[in-house]
There are 2 protein chains.
Amino acid sequence: MKLSDGLEWALHCCTVLGSLPPDVALPAGRLAEFHAVPPAYLAKQLQALSRAGVVETAPGRRGGYRLARPATEITLLDVVVAVEGEAPAFRCTEIRQQGPSAVGPEHYVEPCGIARAMWRAETAWRDELRNVTIGDLVAELDTSVSPEQQQRAVNWVIGVLS
Amino acid sequence: MKLSDGLEWALHCCTVLGSLPPDVALPAGRLAEFHAVPPAYLAKQLQALSRAGVVETAPGRRGGYRLARPATEITLLDVVVAVEGEAPAFRCTEIRQQGPSAVGPEHYVEPCGIARAMWRAETAWRDELRNVTIGDLVAELDTSVSPEQQQRAVNWVIGVLS
DNA sequence: GTCCCTATACTCGGATAGCAAGTGTCCGAGTATAGGCGG
DNA sequence: CCGCCTATACTCGGACACTTGCTATCCGAGTATAGGGAC
């Protein structure tokens, strides 16, 4: 099992956008520069976030991406689902209905215990992600990052937007 | 994010082995036949389970696989880790240390909030998997599967082992 | 000085190659068994 | 009739192709802006 690298980038981008004033839009190229990641590939992730309604776009010159809702109303699950898709990680292919000792499909109305257990674990994972918002991450940054570095980041953003 | 198909097969195989008397070994080919899956590929998963110490092998004629411990002492997490590997799904590449506004590595002693949140969710997932054993699945089968079908499966195993 | 128009430069968006990991397969090494042989 | 030996057939184990999806990239469509010109 593996989560894509793009997910990490998307989460960091949302945190950066959440640290900015709500009406400021930052272009994908600048976000890529800020994290030193390939611009074209990061664009792919941002487009996925846009399709999912997590961020919204401002086209044209001086355009870019900004959060579509307040940072406190965007959960990590929203971002994960936007980038990774809604499909559950464990997929039951009903192999219990195959093989020599199987019986007719009418005997398999309930999902098998294996699938139920795996899905239960996945639900716990999703619940945990749903309980953390981008706003929480932004607030956490404020306590864990030194003031001078915060100022450094702010200055860089001001520089590229002017 | 995607869990391999082989994981589902491995879980079903462990459940079947857990339903058998402890000293009976079932060859990989028979397990593949029982679930109607490619024998050679299933063998790959069983080898992974063997390497992880979840099942043990009986070589030679009349050999096969059997559980290495009582079914109640094998958790779903054991099987998942054996097949999927121990690496966490989310990997932090520390992109916060990259880019124009980054500072020296000595300022990044704590993992970033994003990685901590993702890992916390993953821990919840693993905890849930740790709380379910192969024995639970076997017991659940006994209540959800009709007696005649259970007999059908037992007869098939007796048939292929004779 | 103010307003409007146009050309521009910058933005996002989807369509397009490359690569790693999962998927599927095969054949060789090793061993418990079955049968035959000798005592 | 019993014990031993050998050949066999079956098992697992690791090494070898193929396909899907993640990684990385590019160019085209569309728009807010900046500048220049007219009033």
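Use the structure listed above.
This write-up is about the structure you can find in this document.

Rules used throughout
Residues numbered from 1 in each chain as written. Chains lettered and ligands numbered in written order. Predicted model: local features only at pLDDT ≥ 70, side-chain atom pairs only at ≥ 80, totals over all residues. Heavy atoms only, no water. Axes fitted to C-alpha atoms, helices over the stretch in contact; angles between N-to-C directions. Helix = DSSP H or I, 4+ residues; strand = E, 2+ residues; numbered from the N terminus. Left-handed = near helix turned anticlockwise from the far one by under 90°. Contact = heavy atoms within 4.5 Å. Nonpolar A, V, L, I, M, F, W, Y, C, P; charged D, E, K, R; others polar. Buried < 20%, exposed > 50% of the residue type's maximum accessible area, 1.4 Å probe, protein only. Buried area = accessible area lost by both parts, 1.4 Å probe. Salt bridge = Lys/Arg side-chain N within 4 Å of Asp/Glu carboxyl O. Near = heavy atom within 4 Å. Polar contact = N/O pair within 3.5 Å; in protein donor to acceptor, adjacent residues only side chain to side chain. Disulfide = S-S within 2.5 Å.

Turning our attention to the packing of helix α2 (residues 28–35) of chain A against helix α7 (residues 147–161) of chain A. All names here are of chain A. α7 packs onto α2 with a crossing angle of 145° between their chain directions and a minimal axis gap of 12 Å. Along this stretch, α2 crosses α7, giving a crossing that reads as right-handed. In this structure, α2 contributes Arg-30, Glu-33 and Phe-34 to the contact, and α7 contributes Ala-153, Trp-156 and Val-160. Each residue belonging to the contact of α2 with α7 can be placed in one class, and the counts come to four nonpolar, no polar and two charged.

Glancing now at unusual backbone geometry. Even without being glycine, Arg-62 of chain A reaches a positive phi, approximately 60°. Turning to its location among the elements, Arg-62 of chain A is positioned in the loop between β1 (55–58) and β2 (64–67). Overall, Arg-62 of chain A belongs to the exposed group, its relative accessible area being 70%. A positive phi is found at Glu-94 of chain B, a non-glycine position, where the angle reads about 55°. You can call Glu-94 of chain B partly exposed: its relative accessible area is 22%.

Next up on the list: the interface of chain B and chain A. Facing 53 residues of chain B, the contacting portion of chain A comprises 53 residues. Roughly 4,900 Å² is buried in total at the junction of chain B and chain A, and carbon and sulfur atoms are behind 65% of that figure. On the surface where chain B and chain A come into contact, there are four salt bridges. Note that Arg-116 of chain B and Glu-140 of chain A form a salt bridge whose closest N and O atoms lie 2.6 Å from each other. Contributions of two or more residues to the side of chain B that touches chain A are made by α1 (5–19), α2 (28–35), α4 (76–84), α5 (113–130), α6 (134–144) and α7 (147–161) of chain B.

Our next topic: the protein's contact with DNA strand C. Close contacts around DNA strand C come from 23 residues, with Arg-51 and Tyr-65 of chain A together with Ser-4, Ala-40 and Tyr-41 of chain B the closest. When atoms of DNA strand C within 4 Å of the protein are split into backbone and base, the sugar-phosphate part holds 63%. Note that a sugar or linking oxygen of DNA strand C is positioned 3.0 Å from one of the backbone N or O atoms of Gly-60 of chain A. Tyr-41 of chain B is positioned such that a nitrogen or oxygen atom in its side chain is 2.9 Å from a phosphate oxygen of DNA strand C. Put simply, the parts of the chain that give the surface near DNA strand C at least two residues each are α2, α3 (39–51) and β2 of chain A together with α1 and α3 (39–51) of chain B. Residue contributions to the surface near DNA strand C peak at four residues, all from α3 of chain A. Tallied by class, the residues present in the surface near DNA strand C amount to eight nonpolar, seven polar and eight charged.

A complete count under the given rule lists zero disulfides over all chains for this structure. Distance from the sulfur of Cys-13 of chain A, which forms no disulfide, to the nearest cysteine sulfur (Cys-14 of chain A) is 7.1 Å. Here Cys-92 of chain B stays free of any disulfide, with the sulfur of Cys-112 of chain B as its closest cysteine sulfur at 4.2 Å. By relative accessible area, which is 22% here, Cys-92 of chain B ends up partly exposed.

Now for the pattern of salt bridges. Per the counting criterion, the structure on display carries 14 salt bridges over all chains. With a closest N to O distance of 2.8 Å, Arg-96 of chain A and Glu-94 of chain A form a salt bridge. Glu-56 of chain B serves as the salt-bridge partner of Arg-66 of chain B, at 3.1 Å between the closest nitrogen and oxygen. Within this pair, whereas Arg-66 of chain B is found in strand β2 (residues 64–67), its partner Glu-56 of chain B is found in strand β1 (residues 55–58), the two being separated by 10 residues in sequence. On the basis of relative accessible area, Glu-56 of chain B is assigned to the partly exposed category, the value being 34%.

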